[in-house]
Amino acid sequence: MRPAWAALLLSCAAIACAHPNPSGQSVESGQLPTNWYAGGASCTGTPPIRVQSYNADLLIMRQAACTNYEKPFLYLLFGRDRALLFDTGAGKIDVAATVDTLMKGWLARNHRASMDLVVAHTHAHSDHVAGDSQFVGRPRTTVVGRDTAAVRAFFGVQRWPTDLGSIDLGGRVLDVIPIPGHQPASIALYDRRTGILLTGDTFYPGRLYVRDTTAFAESIDRLTAFVKTHTITHMLGAHVENSRTPYVDYVVGTVDQPDEHPLDLGRAQLFELDSVVRSMRGRMTRTVLRDLTVWPVDR
Ligand SMILES: [Zn+2]
Ligand SMILES: [Zn+2]
């Protein structure tokens, strides 16, 4: 008699099982570097942009501390048809040259001549959009506008901010989750291929500056609901401001951060943030958590 599992395997093969494999094999794997050190105040011997690969199709860049103390992270994702650059940095770096080099390498490895590039943003603050002008007018390049209307239209978000949008890079669908609160046009991107969620300045190991407390609380609620129903491997933001010591951050403006908190956060930190923000609804106050700080500021 054929065992029950064999029948299950056969039926799965016949319908090309679409359910995620509990072993995690449904997501494309990669490796997060353990060290993102962005250097000190001197640029001598430090590349202006440090590039590290999660895997061959997802590259993470970090701006050197000597060029801007914010030292933001930028992300470059490759699909079959086009690539997407998420943020252009805080200025004083040649992002376009770095992206050119990375794209040429990818195209050569994949035996391709050229491909389109979409330049989008976690949000519109200057430390994430300063390099935009380097991409305006470039061939085969689309720079998504920075305001809510432009972001909404480009990613097809029907009702902002409660609906999701998306973009298909070719065999790589990214879901767009509107998360206003830190800034009106803030979005998170979910990469279905790797299970990575890119959360910008809304959720990262540092000071979460909240300008619209109501919008932020609702955004964290929606982000939490999304995370509960999706396979999430890593949540990666745009800065690191906390140290490895629990509850301790580097003071605002610190350039050299040799003992940084890891870049990635997990579900536990998001659920804790959601719970804290829910409890403070309407009267948000500065609250230090183990890995991040909720930091309301005037609009
Ligand atoms: Zn910001
Ligand atoms: Zn920022």
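It should be noted that the structure appears before, not after, this text.
Residues numbered from 1 in each chain as written. Chains lettered and ligands numbered in written order. Predicted model: local features only at pLDDT ≥ 70, side-chain atom pairs only at ≥ 80, totals over all residues. Heavy atoms only, no water.

Taken together, the six strands give an open sheet; going across it, the order is E7-E8-E9-E10-E12-E13, and neighbouring strands pair in mixed fashion. Bordering the open sheet on either side are strand E7 (165–168) and strand E13 (264–265), each of which pairs with just one other strand. (Pairing = 2+ DSSP bridges. Helix = DSSP H or I, 4+ residues; strand = E, 2+ residues; numbered from the N terminus.)

Mapped onto the elements, Tyr-247 comes out in the loop between strand E12 (234–237) and E13. Residue class for Tyr-247 comes out exposed when judged on its relative accessible area of 52%. Placed 27 residues apart in sequence, Tyr-247 and Ile-220 show a C-alpha to C-alpha distance of 21 Å. Each residue touching Tyr-247, except ones within four places of it in the same chain, is listed here: Val-288, Leu-289 and Arg-290. (Buried < 20%, exposed > 50% of the residue type's maximum accessible area, 1.4 Å probe, protein only. Contact = heavy atoms within 4.5 Å.)

Below, the discussion takes up the coordination of the zinc ion (ligand 1). The protein atoms that coordinate the zinc ion (ligand 1) are His-123 (NE2), His-125 (ND1), His-182 (NE2) and Asp-201 (OD), at distances of 2.1 to 2.3 Å. Classification of the site at the zinc ion (ligand 1) as irregular follows from its four donor atoms and the range of 89 to 171° in their angles at the metal. Sequence positions of the residues that donate to the zinc ion (ligand 1) give the spacing H-x1-H-x56-H-x18-D. Between the zinc ion (ligand 1) and the zinc ion (ligand 2), a separation of 3.5 Å is found, and both are coordinated by Asp-201. Taken together, the residues His-125 in the loop between strand E5 (116–120) and helix H3 (126–129) and Asp-201 in the loop between strand E10 (196–200) and strand E11 (207–210) connect sequence positions 76 residues apart. (Donors = N, O, S within 2.8 Å, 3.2 Å for Na, K, Ca; no water. Tetrahedral: all angles 85-135°; square planar, octahedral: opposite > 155°, others 65-115°.)

Take the sheet that holds strand E6 (residues 141–143) next. In spatial order, the strands read E1-E2-E3-E4-E5-E6; together these six strands make up an open sheet with mixed pairing. Whereas interior strands pair on both sides, the edge strands pair on one side only; in this sheet they are strand E1 (49–55) and E6. Across the sheet, the axes of successive neighbouring strands diverge by a mean angle of 20°, strand direction being ignored. Strand direction decides the pairing type here: E5 and E6, joined by three bridges, are parallel. By the bridge assignment for E6, Val-118 is matched with Thr-142. (Axes fitted to C-alpha atoms, helices over the stretch in contact; angles between N-to-C directions.)

Taken together, Asp-127 (OD), His-128 (NE2), Asp-201 (OD) and His-239 (NE2) make up the full set of protein donors to the zinc ion (ligand 2), lying 2.1 to 2.2 Å away. Around the zinc ion (ligand 2) sit four donor atoms, and with donor-metal-donor angles ranging over 89 to 157° the site reads as irregular. All donors of the zinc ion (ligand 2) belong to a single chain; written as a sequence motif, their spacing is D-H-x72-D-x37-H.

Per the counting criterion, the structure on display carries 16 salt bridges. Taking the shortest distance from any N to any O, the salt bridge between Glu-260 and Arg-62 comes out at 2.9 Å. Here the residue Glu-260 occupies a position in the loop between E12 and E13, and Arg-62 occupies one in strand E2 (residues 58–63), the gap between them amounting to 198 residues. The exposure classification of Glu-260 matches that of Arg-62, with both residues buried. A salt bridge links Arg-172 to Asp-191; the nearest nitrogen and oxygen atoms lie 2.7 Å apart. (Salt bridge = Lys/Arg side-chain N within 4 Å of Asp/Glu carboxyl O.)

Ranked by internal contacts, the top residues of the largest apolar core, which has 29 residues, are Ile-60, Tyr-75 and Leu-84. Where this core is concerned, the elements lending two or more residues are E2, strand E3 (73–78), strand E4 (82–86), E5, helix H4 (148–155), strand E8 (173–178), strand E9 (187–191) and E10. By residue number, the principal contributor to this core is E3, which donates three residues. With residues near it in sequence (within four places) discarded, Ile-60 still touches Leu-32, Trp-36, Arg-50, Val-51, Gln-52, Tyr-54, Phe-73, Leu-74, Tyr-75 and Leu-236. (Core = buried A, V, L, I, M, F, W, Y, C linked by side-chain atoms within 4.5 Å.)

Residue class for Arg-62 comes out buried when judged on its relative accessible area of 2%. Polar side-chain contacts of Arg-62 include one of 3.0 Å to the backbone oxygen of Lys-71. In this structure Arg-62 touches Trp-36, Ala-38, Pro-48, Ile-49, Arg-50, Lys-71, Pro-72, Phe-73, Val-240 and Glu-260, once residues within four positions along its chain are discounted. (Polar contact = N/O pair within 3.5 Å; in protein donor to acceptor, adjacent residues only side chain to side chain.)

None of this, on its own, says anything about what the molecule does.
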